[in-house]
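# Geometric and topological summary
Chain by chain, the residues run as shown.
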Amino acid sequence: MNKVKYFQKKGALAVLLLAFFSAGQVFAAQNFTITNRQYTVPGTEAALNLLVDAMEDQVNADLANFEQTKFLTPMADATVLSHKGIGVDYATNPDIFMLGFAVSPAANLGDYTISDLRNGNAYHNTEGGGQIPLVGLSAQMALMAGVNLGYFKFLPDLGIIDLKKLTVYADFFSLDLASTMTNLGMKPKGTEIKEAKFYNIGLHGQYPLLKGKSLSVLKWGGASLTFGFEYTSSTFVLTTSIPTGSQNDGTFELTWDGTADLGSDIGLLSIPIEVSTNVRLFYVLSLFVGAGVDFNMGKASTIAEVTAPVTGTEVSSGLTAFNADANLDMSEEVWATPVDLRFFGGVQFNLPILKFYGMGAYTVNGGYQLAFGGRIAY
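Residues numbered from 1 in each chain as written. Predicted model: local features only at pLDDT ≥ 70, side-chain atom pairs only at ≥ 80, totals over all residues. Heavy atoms only, no water.

## So, the side chain of Asp340
- Residue position: Asp340 is located in strand β16 (residues 339–350).
- Despite its burial, Asp340 pairs with no opposite charge; the closest candidate is Arg342, at 7.1 Å N-O.
- Of the polar contacts made by the side chain of Asp340, one reaches the side chain of Thr363; its length is 3.3 Å.
- Residues contacting Asp340, with those up to four places away along its chain left out, are Gly292, Val293, Asp294, Asn296, Thr363, Val364 and Asn365. (Helix = DSSP H or I, 4+ residues; strand = E, 2+ residues; numbered from the N terminus. Buried < 20%, exposed > 50% of the residue type's maximum accessible area, 1.4 Å probe, protein only. Lys, Arg positive; Asp, Glu negative; His and termini not counted. Salt bridge = Lys/Arg side-chain N within 4 Å of Asp/Glu carboxyl O. Polar contact = N/O pair within 3.5 Å; in protein donor to acceptor, adjacent residues only side chain to side chain. Contact = heavy atoms within 4.5 Å.)

What follows is the structure in structure tokens.
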């Protein structure tokens, strides 16, 4: 087997594992170089340079057909979507306060459809036979709290806005899981988790547009305007060894061995503006629906860098004739979709004080979200 392609196959498979594990995808731009070339046997420079240049050309040619931005933008959009709705309530209309916790996975299919995923058309096929999904995947958790400012009777009326009708929500979550994930064995074989940090924070205000009404066993919660900001970030980096590879032209043999840092770095700010409504049946069951426009700023970046020493030997004598460094910089960044339209809806089960809910959302740029959580409200 050609060892350059062997290197490519193993690298692609390692990236594939990382793609699924880190809820994001990383791979290559065409930037494989061999630098710091040093020749220890006189008169070998020309022959070794031909072999080294051929190696660079072959690796870059193998990488040339992969368009990294096809999944970087969906990855950023999925990260934005995973924070939606977990820091605010659409079904309860609390009288005084609310505390809660939620988990939210999300995906963005970009230019593809669910049928493409099922049929295998939304994947990049690696040289090693593996597949990297060209879609964005993300997940977030949040602790949230809400306060109905109507409880504070001293707040003023600011013209068309009565602060006593406003409910304010805040959410936050931060995790540094590198050591925990390592101890639990939650990593691809042969790797070390260098970084695994997740962080989000949000602040929202919710203001009634239409007053709710009670109709026998039904209670309509009215219509509300929700607005605010949400910041979401994550950094995930694995360090993995590179399988030893070689290239041989009959006269010289080049070999390399080293490590690679593979991962993703995401930082996004989103400003949602939403309108929602809800209805409650027999107190036990609440349904809610809504729509929103999200204004997004920020970027998703891959962290994908390889550095490995290269050694060249004469096949006949075994003498070292060459030393250099192999570098493969696969890093790239893209911005999230700046404006997106989102529709959402869900169901909530109401017990005295306790609430449990599930929510789904869809965005016009191919995003899908599920959220689940529990809350204490009074």
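Once the structure has been displayed, the description carries forward.
## Here's the deal with empty space enclosed by the protein
- Across all of its chains, the model carries four cavities of 30 Å³ or more by this definition.
- Of the pockets and cavities examined, the largest cavity occupies roughly 60 Å³.
- Asp77, Val80, Leu81, Lys84, Asn108, Asp294, Asn296, Asp340, Thr363, Asn365 and Gly367 together form the lining of the largest cavity.
- Those elements that place two or more of their residues in the lining of the largest cavity are α3 (69–82) and β13 (285–314).
- At three residues, the largest contribution of residues to the lining of the largest cavity is made by α3.
- Across the lining of the largest cavity, the residue classes break down as two nonpolar, five polar and four charged. (1 Å grid on protein atoms, 1.4 Å probe; cavity = no way out; pocket = protein on both sides within 12 Å on 5 of 7 lines; lining within 4 Å. Points joined across faces, edges and corners; volume = space filled by probe spheres on them. Nonpolar A, V, L, I, M, F, W, Y, C, P; charged D, E, K, R; others polar.)

## Brief notes about the pairing of β16
- Only one face of β16 is covered, namely the face carrying Asp340, Arg342, Phe344, Gly346, Gln348 and Asn350; the face carrying Val339, Leu341, Phe343, Gly345, Val347 and Phe349 is uncovered.
- Summarising the sheet, β13 and β16 pair through eleven bridges and their orientation is antiparallel. Residue pairing for β16: Val293 is matched across the bridge by Leu341.
- As defined by bridge partners, β16 adjoins strand β17 (residues 354–363) across nine bridges and the pair is classed as antiparallel. Residue Gln348 lies in a different strand from β17, and its bridge partner there is Tyr357.
- Joining the antiparallel neighbours β16 and β17 is a turn of three residues, in which Ile353 adopts a positive phi near 75°. (Pairing = 2+ DSSP bridges.)

## Regarding the layout of surface pockets
- Quantified by volume, the largest pocket comes out at close to 810 Å³.
- Together, 32 residues line the largest pocket, and Thr92, Asn93, Pro94, Asp95 and Lys219 are the ones closest to its centre.
- Looking at the lining of the largest pocket, the elements that each hand over two or more residues are β9 (191–210), β11 (218–248), β12 (252–281) and β16.
- No other element matches β11, which puts six residues into the lining of the largest pocket.
- Across the lining of the largest pocket, the residue classes break down as twelve nonpolar, 13 polar and seven charged.

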